[in-house]
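Chains, contacts and geometry: an overview
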Amino acid sequence: MGRLLALSLLGIALALLGERLLALRNRLKASREVESVDLPNCHLIKGIEAGSEDIDILPNGLAFFSVGLKCPGLHSFAPDKPGGILMMDLKEENPRALELRISRGFNLASFNPHGISTFIDSDNTVYLFVVNHPEFKNTVEIFKFEEEENSLLHLKTIKHELLPSVNDIIAVGPAHFYATNDHYFSDPFLKYLETYLNLHWTNVVYYSPDEVKVVAEGFDSANGINISPDKKYIYVADILAHEIHVLEKHPNMNLTQFKVLKLDTLVDNLSIDPSSGDILVGCHPNGQKLFVYDPNNPPSSEVLRIQNILSEKPTVTTVYANNGSVLQGSSVASVYDRKLLIGTLYHRALYCQL
């Protein structure tokens, strides 16, 4: 009887593991392939060779790139090189990406930037918020952008127990932001277990100098975040659930669910087209290729445009798609004056004139 019980328990455990593995493959879209959707006037950006995970563009056309992200178990084309922040002036006829100098005292050797966001204060001071993973820990760095010197002045490092696995950030004040946690745990093994078991424990946190609180939770893996042009809604990408959540923002900075848009791809960072209010989404058509890198079968890229997301039937169109022959692992797409920038998790970046 004891052996029969043990055998039965083993069978149940194996069945559960098999079901979870199959579910994970579905969440990763492990069998999906894309058909190319090309844009005619594009070229790879010189100087970006090892990822440009996030991009944010100021109203004057200055674009910031977060480059060189490294994560445990994730492929890297420059594993020993620290990350950095690059800038490109999209008003120039032939813009180039230049690395910004960072003020003395900041630890450049361990700089590992992830999501970024800019905020322009009432006196026109430009702040750059950067999710940073020094030695695979989690901080948010606040810099002041000094345009004349093409440099960043480091102002503050933020650490908090409610920010254990920060992915992306949207600044809403000079020291105020919403941030996504893509995992509940910070330990790599527990992160993997959490993802495998599909616990839906990830969240969005509001941070200010006076208050830090969880304002939305229950996501599979909360990823990209942005704010609507009228500042009334927060958009959150749930990458493994293939969803974009629209959350209504309240005066106390709490968020409530307004609607969910379901898609057929892994949604990463979200950007807003300033001319239309449309959402541009950097996507991963096949997450298994992204996380299990094979140079002979590289991860593909996909950019979606979402129009009228608040309506009953938003319009979703594919702006760009590639099988990895040009661009691998697109994570973000940002547009300014008919100029499109597409960044990747650990590969190159693309500049297109629309």
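Predicted, not measured: the structure shown is a model, and the values here were computed from it. (Residues numbered from 1 in each chain as written. Predicted model: local features only at pLDDT ≥ 70, side-chain atom pairs only at ≥ 80, totals over all residues. Heavy atoms only, no water.)

A short note on the state of the cysteines
Short version of the rule: For this text, the term disulfide refers to a pair of cysteine sulfurs within 2.5 Å. Numbered from the N terminus, helices here are DSSP runs of H or I no shorter than four residues, and strands are runs of E no shorter than two. Each residue is placed in one exposure class: buried if its accessible area under a 1.4 Å probe, protein chains only, is under 20% of its type's maximum, exposed if it is over 50%, and partly exposed if it falls in between.
Scanning the model with the defined rule gives one disulfide in all. Here C42 is linked by a disulfide to C352, with a sulfur-sulfur distance of 2.1 Å. For the disulfide bridge between C42 and C352, the dihedral angle about the S-S bond is near 110°, and by the sign convention the bridge is right-handed. Taken as a pair, C42 in strand 1 (residues 42–44) and C352 in strand 25 (residues 350–353) lie far apart in primary sequence, 310 residues in all. C71 takes part in no disulfide bond, and the closest cysteine sulfur, belonging to C283, lies 19 Å away. C71 gets classed as partly exposed once you look at its relative accessible area, which sits at 25%. Of all cysteine sulfurs in the structure, the one in C352 sits closest to C283, which takes part in no disulfide; the separation is 15 Å. When its relative accessible area of 0% is taken as the criterion, C283 is described as buried.

Some details on the sheet that holds strand 19 (residues 266–272)
Worth spelling out the cut-off: Strand pairing requires that DSSP identify at least two bridges connecting the strands. Helix axes are fitted only over the stretch in contact, all axes being lines through C-alpha atoms; the angle between N-to-C directions runs from 0 to 180 degrees.
Within the open sheet, the four strands sit side by side as 19-20-21-22. Their pairing is antiparallel. In this open sheet, the two edge strands, each paired with only one partner strand, are strand 19 and strand 22 (315–322). Strand-to-strand twist in this sheet, taken as the mean axis angle between neighbours without regard to direction, amounts to 25°.

Examining the UniProt feature "binding site: Ca(2+) 2" (unreviewed entry) in the protein
For clarity, the cut-off: UniProt positions are given in the numbering used here, feature names are shortened, and annotations may be inferred rather than shown by experiment. The contact rule is simple, with two residues in contact once any of their heavy atoms fall within 4.5 Å.
Mapped onto this numbering, the UniProt entry gives "binding site: Ca(2+) 2" (unreviewed entry) at D54. Looking at the secondary structure, you find D54 in strand 2 (residues 52–57). Taking relative accessible area as the criterion, D54 reaches 4% and is therefore assigned buried. If sequence neighbours within four positions are ignored, D54 has contacts with F64, F65, S66, H114, G115, I116, D168, N269 and V332.

What to know about a nonpolar patch on the surface
Selection criterion: Without a salt bridge and with relative accessible area above 30%, a residue can belong to a patch; like charges are then joined within 9 Å and nonpolar side chains (Val, Leu, Ile, Met, Phe, Trp, Tyr) within 5 Å. All accessible areas in this document rest on Shrake-Rupley with a 1.4 Å probe, and a residue is counted as covered only by the protein chains that are shown. The salt bridge definition used is simple: a Lys or Arg side-chain nitrogen within 4 Å of an Asp or Glu carboxyl oxygen.
Side chains of F189, L190, L193 and L197 sit close together on the surface and give an oily, nonpolar patch of about 330 Å² of accessible area. Positionally, F189 belongs in helix 2 (residues 188–197).

Some points on the pairing of strand 18 (residues 255–262)
Along any regular strand the residues' side chains alternate between the sheet's two faces. Here seven bridges tie strand 17 (residues 243–249) to strand 18, and the two strands are oriented antiparallel to one another. By the bridge assignment, L247 is partnered in strand 18 with Q257.

Some details on the pattern of salt bridges
Applying the stated criterion to the full structure yields 12 salt bridges. The residue D220 makes a salt bridge to R27 at a minimum N-O spacing of 2.9 Å. In this pair, D220 sits in the loop between strand 14 (212–219) and strand 15 (222–227) while R27 sits in helix 1 (residues 2–27), placing the two residues 193 residues apart along the sequence. Comparing D220 with R27, the two get one shared label, buried. Among the salt bridges present, the one from E49 reaches R348, with a minimum N-O distance of 3.3 Å. Pair noted here: E49 is in the loop between strand 1 and strand 2 and R348 is in the loop between strand 24 (339–344) and strand 25, with a separation of 299 residues, a long-range link. Here the salt bridges do not stand alone but share partners, grouping K29, R32, D264 and E302 into one network.

Topic: helix 2
A turn of α-helix holds 3.6 residues, and therefore any two residues three or four places apart point the same way. For clarity, the threshold we go by: N or O atoms within 3.5 Å of each other form a polar contact, as long as, within protein, one can give a hydrogen and the other can take it, and as long as residues adjacent in sequence are counted only when both atoms are side-chain atoms.
All buried positions along helix 2 are accounted for by E194, T195 and Y196. You can read the cap of helix 2 off the contacts: a side-chain oxygen lies 3.1 Å from the backbone nitrogen of F189, and it is on D187. Once helix 2 ends, the next one or two residues include N198, with phi positive near 55°.

Overview of the environment of S117
Looking at where S117 falls in the secondary structure, it is placed in strand 7 (residues 113–120). When the C-alpha positions of S117 and V319 are compared, they lie 23 Å apart, and in sequence the two are 202 residues distant. At a separation of 2.9 Å, a polar atom in the side chain of S117 contacts the main-chain amide nitrogen of A171.

As for the packing of aromatic side chains
We apply this condition: Here a pair means two rings of Phe, Tyr or Trp (six-membered ring of Trp) with centres within 6.5 Å. Their orientation is stacked below 30 degrees between planes, edge-to-face above 60, and tilted elsewhere.
All chains considered together, the criterion is met by 15 aromatic pairs. Aromatic side chains Y184 and W201 sit 5.4 Å apart centroid to centroid with 70° between the ring planes, which places their arrangement in the edge-to-face category. Of this pair, Y184 sits in the loop between strand 12 (176–181) and helix 2 while W201 is found in the loop between helix 2 and strand 13 (202–207), placing the two residues 17 residues apart along the sequence. Residue Y184 is classed as partly exposed on the basis of its relative accessible area, which comes to 45%. Taking the relative accessible area as the measure of exposure, W201 reaches 40% and is therefore partly exposed. On the basis of an interplanar angle of 25° and a centroid distance of 6.1 Å, the ring pair of Y192 and Y196 is categorised as stacked.

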